[in-house]
Amino acid sequence: LRARAEELGVAIPQAHLLIHANVAAADDEARDRDLATVMRQIVLCERMGIEVGVIHPGGDHPATLDAERAERARRIESFARLAGHAAQHGVALAVENMTDSARATRGALGQRRFGATIPELHELIDAVGADNVGICLDVGHGNVQGLDMAESVRQCGDRLIALHIQDNDGSRDQHLAPTRGSIDWEAGIAALREIGFEGIFNLEIPGERGLPVDLTLKRMEGVLAATQWLLSR
């Protein structure tokens, strides 16, 4: 695959590691299994020339405050292990911001989910203390949380190393093309320029699937046109 990409002049600088990995799980066997899978994928990233691997912070809904503190400790330990492994293979880890649980959840923090705010991601990165760990800002997740894109970008600052670009109406994670939801894209892109972000404008828009092929192609033409317009502002 790498050879074919090189033939086509295609670069793959960013990839998503195991989407459902829970490296903070209370179940030791499940946590170790996910850690092992992510470590194998980091090696594959090196072989593919992928520089940044996006990963979720993981976690459940602990029933007690003590259990929540134990989960945070497991998360820090797991990310420290992953960061060390990734550094050996020339890969950076980008921790993605999440959304709180939409369902009625009872536990120590109720519907709260770790990583749904940017300061929590900074807290994790500070605790891990590794230079190759940064932030992946999913602007759609932020919109669901009621976070302004421009402000979120500024909060990430120089730790922003990856983007998930998608839109929604704020009610749920819809993964629509930019300008089809309620995100203020002009202000958000201005903030990206303000902080000097030089990474890729990575579209994550599976919400545009499901149309007939001809309509899908027209929709993608519209996506590219909208993206080019936004980036030229």
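Residues numbered from 1 in each chain as written. Predicted model: local features only at pLDDT ≥ 70, side-chain atom pairs only at ≥ 80, totals over all residues. Heavy atoms only, no water.

Novice: How would you summarise the pattern of salt bridges if you had to cite specific residues and measurements?
Specialist: One pass over the full model with this rule turns up 14 salt bridges. Put simply, Arg72 and Glu68 hold a salt bridge, and the shortest N to O gap is 2.4 Å. Here Glu68 and Arg72 lie together in helix H3 (residues 65–88), a separation of four residues that amounts to about one turn. Through salt bridges with shared partners, a single ionic network connects Glu68, Arg72, Asp100, Arg112, Glu120 and Glu123. (Salt bridge = Lys/Arg side-chain N within 4 Å of Asp/Glu carboxyl O. Helix = DSSP H or I, 4+ residues; strand = E, 2+ residues; numbered from the N terminus.)

Novice: Please set out the sheet that holds strand E5 (residues 160–164) residue by residue, giving values where relevant.
Specialist: Reading across from one edge, E1-E2-E3-E4-E5 is the order of the five strands in this open sheet, with parallel pairing throughout. If you trace the sheet from one side to the other, it starts and ends with strand E1 (14–16) and E5, each paired once. The average angle at which neighbouring strand axes cross in this sheet is 30 degrees, direction not considered. The strands touched by helix H4 (residues 118–128) within the sheet are strand E3 (92–96) and strand E4 (133–138), with E4 carrying the most contacts at an inclination of about 165 degrees. (Pairing = 2+ DSSP bridges. Axes fitted to C-alpha atoms, helices over the stretch in contact; angles between N-to-C directions. Contact = heavy atoms within 4.5 Å.)

Novice: Describe in detail a nonpolar patch on the surface, supporting the description with residues and values.
Specialist: Where nonpolar side chains cluster on the molecular surface, the patch consists of Leu8, Val10 and Ile12 and spans about 250 Å² of accessible area. Tracing the chain through its elements places Val10 in the loop between helix H1 (2–8) and E1. (Patch = residues over 30% accessible without salt bridge, like charges linked within 9 Å, V, L, I, M, F, W, Y side chains within 5 Å. Areas by Shrake-Rupley, 256 points an atom, 1.4 Å probe, with all protein chains shown as cover.)

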